[in-house]
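Letter by letter, the chains look like this.
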Amino acid sequence: MDPQGGHYLNRAAVLSGVGAARMCQLLLGCTTMALVAHSAGFSATYGTYCMFVWCFCFAVTLVVFTLDVTRLHGCMPISWDNFTVAFAMLATLMYVTASIVYPVYFLRSECPSEGCEVRNYRIAVTVCSSVCSFAYGAEVFITRAKPGHVVGYMATVSGLLKVVQAFIACIIFGALANDSEYNRHIPTQYCVVVYSLCFAVTVVVVALTVSGRTSSLRFPFDRFVVIYTFMAMLLYLSAAVVWPVFSFDKKYGTPGRPEDCPRGKCPWDSKLVIAVFTCANLVLYFTDLVYSQRIRFVSHSAA
């Protein structure tokens, strides 16, 4: 018999810090969906996105928790630890986004036409969603790489940053699709190529790590990741210069926001979002590169 609680069931999956975090995620996720379905409601693209986040994260968390308790994750052809920490990081980002988007578009200080009860339900949805983001963040904090512990790549700062970089690229793509007018100039089209290329390679890096196939590659994966991160930083640096110039300079674009620009469908707003998140990803790639070099230096010194 297994001293952890039986031959088949994993008691540590429930009685550990990670288990407690996952049970909180399931409880809060289920509560959030129930509140929305009961009375809070959702509509349009932003509401559909929020509902997708809550349903998707709940479903995957339920599968992860079940497989961990029953020990069936050993049958999965993936690196389980890398998968769970990568998903927890992604879920944290998705929940934070939904917790911001939902109140911005569905919560007002005055009562809606449906009544004040609907507003109260929407406040409860926002609170539950916000607290659940902390539950996912707690799992990331517990499972992250610690000195003296051997962990998967996705649990390191570099691995977690890869998830954040890909998520921010998705935000940029969303802004590009929202009347960003990127096809008006060749340099802005170049920026789109930069975002797409870096996103694709980052997803491949994460997928190879989660699938546990890095050791079967015919080249040193860690060196490839460092070289790619350096190239991505240079590409984003060029995009961080090119995009604002061809979006906000008087010669090519509009320096200020037009007064008649409708909220939610304003090209200038989309351009600003892209510019801000381009700089954010540039900082993330630079931090990733510095951390990767530091890890290599420490490993080389220790050897």
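Everything discussed here concerns the structure shown above.
This structure is a prediction, so every number in the text was calculated from the model and none was measured.

A. Region of interest: the state of the cysteines. The final tally for this structure, using the stated rule, is zero disulfides. Here Cys132 stays unpaired: no disulfide links it, and the sulfur of Cys57, its closest cysteine neighbor, is 7.6 Å away.

B. The arrangement of the nonpolar core in detail. Counting residues in hydrophobic clusters, the biggest one holds 69 residues, and the most contacted among them are Trp54, Cys57, Tyr195 and Tyr236. Where this core is concerned, the elements lending two or more residues are α2 (17-40), α3 (44-70), α4 (80-106), α5 (116-143), α6 (157-177), α7 (186-211), α8 (221-248) and α9 (267-302). Residue contributions to this core peak at 14 residues, all from α4. If near-sequence neighbours (up to four positions away) are discounted, Tyr236 is found in contact with Ala169, Ile172, Val194, Tyr195, Cys198, Thr278, Asn281, Leu282 and Tyr285.

C. Layout of the layout of surface pockets. Quantified by volume, the largest pocket comes out at close to 970 Å³. Along the walls of the largest pocket sit 27 residues, with Tyr46, Val101, Tyr105, Ile171 and Val273 positioned nearest its centre. Going through the elements one at a time, α3, α4, α6 and α9 are the ones with two or more residues in the lining of the largest pocket. Ranked by residues supplied to the lining of the largest pocket, first place goes to α6 with eight residues.

D. Expanded view of the packing of aromatic side chains. Counted under the stated rule, the structure contains 14 aromatic pairs. Judged by centre distance (4.9 Å) and plane angle (25°), the rings of Tyr102 and Phe106 are stacked. Taken together, the positions of Tyr102 and Phe106, both in helix α4 and four residues apart, correspond to about one turn of that helix. A centroid spacing of 6.3 Å and a plane angle of 90° characterise the contact between Tyr228 and Tyr285, whose relative ring orientation is edge-to-face. Taken as a pair, Tyr228 in helix α8 and Tyr285 in helix α9 lie far apart in primary sequence, 57 residues in all. Comparing Tyr228 with Tyr285, the two get one shared label, buried.

E. Structural context of the pattern of salt bridges. As enumerated under the stated definition, the model contains three salt bridges in all. Across the pair Arg22 and Asp68 runs a salt bridge, and its minimum N-O distance is 2.8 Å. Of this pair, Arg22 sits in helix α2 while Asp68 sits in helix α3, and the two are 46 residues apart along the sequence. Here Arg22 matches Asp68 in class, with each residue buried. The salt bridge involving Glu139 is made with Arg22; its shortest N-O contact spans 3.1 Å. Of this pair, Glu139 sits in helix α5 while Arg22 sits in helix α2; the two residues are 117 residues apart in sequence, bridging distant segments of the chain.

Scoring rules and cut-offs
- Residues numbered from 1 in each chain as written.
- Predicted model: local features only at pLDDT ≥ 70, side-chain atom pairs only at ≥ 80, totals over all residues.
- Heavy atoms only, no water.
- Disulfide = S-S within 2.5 Å.
- Core = buried A, V, L, I, M, F, W, Y, C linked by side-chain atoms within 4.5 Å.
- Buried < 20%, exposed > 50% of the residue type's maximum accessible area, 1.4 Å probe, protein only.
- Helix = DSSP H or I, 4+ residues; strand = E, 2+ residues; numbered from the N terminus.
- Contact = heavy atoms within 4.5 Å.
- 1 Å grid on protein atoms, 1.4 Å probe; cavity = no way out; pocket = protein on both sides within 12 Å on 5 of 7 lines; lining within 4 Å.
- Points joined across faces, edges and corners; volume = space filled by probe spheres on them.
- Phe/Tyr/Trp six-rings, centres within 6.5 Å; stacked < 30°, edge-to-face > 60°.
- Salt bridge = Lys/Arg side-chain N within 4 Å of Asp/Glu carboxyl O.

Scope: geometric values only; no functional claims are made or implied.
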